[in-house]
Amino acid sequence: MGLLHLLCLAVLITISETTWLQKVLFPDDVADKYEAKCLDGTPAGYFISTNDDSNGWVIYLQGGGVCVTAKDCKERTYDSQGSSLYWEDYFFDNTNVLSDSDDGNPFGEFNKLWVPYCTGDTWTGTNPENEHVGGLATTGHNIITALLDYLHNTTNFRFATHLLFSGGSAGGIGVFHNVDFVADRVRQLGISAIVKATPQAGYYFPPEVILFPMYAIGSRVPFDFLASIGAQIIDGGYLNPACTRALGKQKFRCWDINVVQKYIKTPLFIAQNILDQNQIDDILLCPNEVCDPEDPTKLGLAYLHDYNNKSRAALREFAEIHKTGSVWAPACFMHTEDLCTTREVLVNEVSYADALKDWFFEGKRSVNIEECSNEDLACNTHCVGGCGDAYQNHKLTI
């Protein structure tokens, strides 16, 4: 047998031994009752793998950006980001909190749910006919409500003792916004579970970050303020009630993670790159040839210093406010690629998986915000990618 055949066989064996999560769509009556639908109006749902020997559960919200115009959102309805018609039948994760124990995941024996992102609204939407995006359904928050109730009615979730709520990028934003709601809903359903959350790459935005084109011409107008206004105009969805009560007429600011985090009461473990590449390159619009930390221009280096200082300040403030919370923040110029339980990235000689395990199961708090010199802002020497939402497949053929 040739080397190529041996490699293929090894891959097939690995896949066959992996725990697959199976698709479940909400029945039409459930989707209608909760208005829990994708952009195109098809029923939302989830992928699940159960373990009758465990009362632990992991729920992970998929990420995938945001749509802000009717054209943008309509384009999503032609694939899995806007319609469940395009979802595969199975899903597996071999890198993150839904992977198996053999992959190094401390939650590998838990019941596992992966919730696809098909609403383009950072999981906050409650509008089944959003006129700002052409009448499409932006109902991400509704999907979370339907999910919890449906799991309670149809699975052993009602006996859960531990729940880890997680998500990456837009899914991480959704975790910040919905975690107190999830914890409250679980209690309302009579479930005596310890609820904790770990948003990954969801801290949008550090305080008073500035669009690079504005920074380049000398403006210092904060972008995070404008982003909050825009998000509420487009979606007008669910916001943390404690935050909205405290801010009153300024309640739109509660979309901003740096604002709402102050009002979250559920224990959080933040996993966040100090230099988030998606924010710097794609949202704040600093071209990679200008803001690549390995070879920045003079202006790019100044901008990176500004972002870096604000990012660190935000994470330190979180740690000061939340005495039961943890932070794991590598000095990597990445987004979600290195934020999972199977990568070898270390901060202060500690991996994300080990810090998360000690925090979740033993209550050991840790604040690991990597320090760097002013000359080398992305100083972590172990920045390894490969994380992600793993794989989907129409059917198992092995």
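Right above here is the structure, for reference.
Residues numbered from 1 in each chain as written. Predicted model: local features only at pLDDT ≥ 70, side-chain atom pairs only at ≥ 80, totals over all residues. Heavy atoms only, no water.

Enquirer: I tried to follow a negative patch on the surface on my own but got confused; where do I start?
Expert: Taken together, the side chains of Asp52, Asp53, Asp102 and Glu109 define an acidic patch exposed on the protein surface. Structurally, Asp102 is set in the loop between β4 (90-92) and β5 (111-115). (Patch = residues over 30% accessible without salt bridge, like charges linked within 9 Å, V, L, I, M, F, W, Y side chains within 5 Å. Areas by Shrake-Rupley, 256 points an atom, 1.4 Å probe, with all protein chains shown as cover. Salt bridge = Lys/Arg side-chain N within 4 Å of Asp/Glu carboxyl O. Lys, Arg positive; Asp, Glu negative; His and termini not counted. Charge placed at Lys NZ, Arg CZ, Asp CG, Glu CD. Helix = DSSP H or I, 4+ residues; strand = E, 2+ residues; numbered from the N terminus.)

Enquirer: Looking at this structure, how should I read the state of the cysteines?
Expert: Between two cysteines, a covalent bond joining their sulfur atoms is known as a disulfide. For the coordinates displayed, the defined rule picks out seven disulfides. Paired by a disulfide, Cys38 and Cys118 hold their sulfur atoms 2.2 Å apart. A torsion of -80° about the S-S bond marks the disulfide between Cys38 and Cys118 as left-handed. Highlighted residues: Cys38 in the loop between α2 (28-34) and β2 (45-49) and Cys118 in the loop between β5 and β6 (127-130), separated in sequence by 80 residues. You can call Cys38 buried: its relative accessible area is 0%. The class of Cys118 is buried, set by a relative accessible area of 0%. Residue Cys332 pairs covalently with Cys383 via a disulfide, S to S 2.0 Å. Residues Cys332 and Cys383 are joined through a disulfide that is left-handed, its torsion about the S-S bond being -95°. Pair noted here: Cys332 is in the loop between β12 (326-329) and β13 (333-334) and Cys383 is in the loop between β16 (367-369) and β17 (391-393), with a separation of 51 residues, a long-range link. (Disulfide = S-S within 2.5 Å. Buried < 20%, exposed > 50% of the residue type's maximum accessible area, 1.4 Å probe, protein only.)

Enquirer: Please clarify how the pairing of β2 should be interpreted in this entry.
Expert: Moving residue by residue along a regular strand, the side chains alternate between the two faces of the sheet. With five of five residues buried, β2 lies mostly within the body of the structure. Residues Gly45, Phe47 and Ser49 point to one face of β2 and Tyr46 and Ile48 to the other, with burial holding for every one of them. Note: strand β1 (residues 21-25) against β2, four bridges, orientation antiparallel. Its bridge partner lying in β2, Val24 is registered against Tyr46. Pairing between β2 and β5: three bridges, direction antiparallel. Residue pairing in the sheet places Ser49 in a bridge with Lys112 of β5. (Pairing = 2+ DSSP bridges.)

Enquirer: Sorry if this is basic, but what is going on with the environment of Leu39 here?
Expert: By the element assignment, Leu39 lies in the loop between α2 and β2. Those residues in contact with Leu39 that lie beyond four places of it in its chain are Cys67, Cys73, Arg76, Thr77, Gln81, Gly82, Cys118, Thr119, Leu136, Ala137 and Thr138. (Contact = heavy atoms within 4.5 Å.)

Enquirer: Is there a simple way to think about unusual backbone geometry in this case?
Expert: Outside of glycine, negative phi angles account for most residues, and trans bonds account for most peptide bonds. In this model, Tyr204 is joined to Phe205 through a cis peptide bond whose omega is 10°. Examined against the element boundaries, Phe205 turns out to sit in the loop between β9 (194-200) and α6 (212-216). Positive phi outside glycine occurs at Ser169, with the angle close to 60°. Inspection of the secondary structure puts Ser169 in the loop between β8 (162-168) and α5 (170-188).

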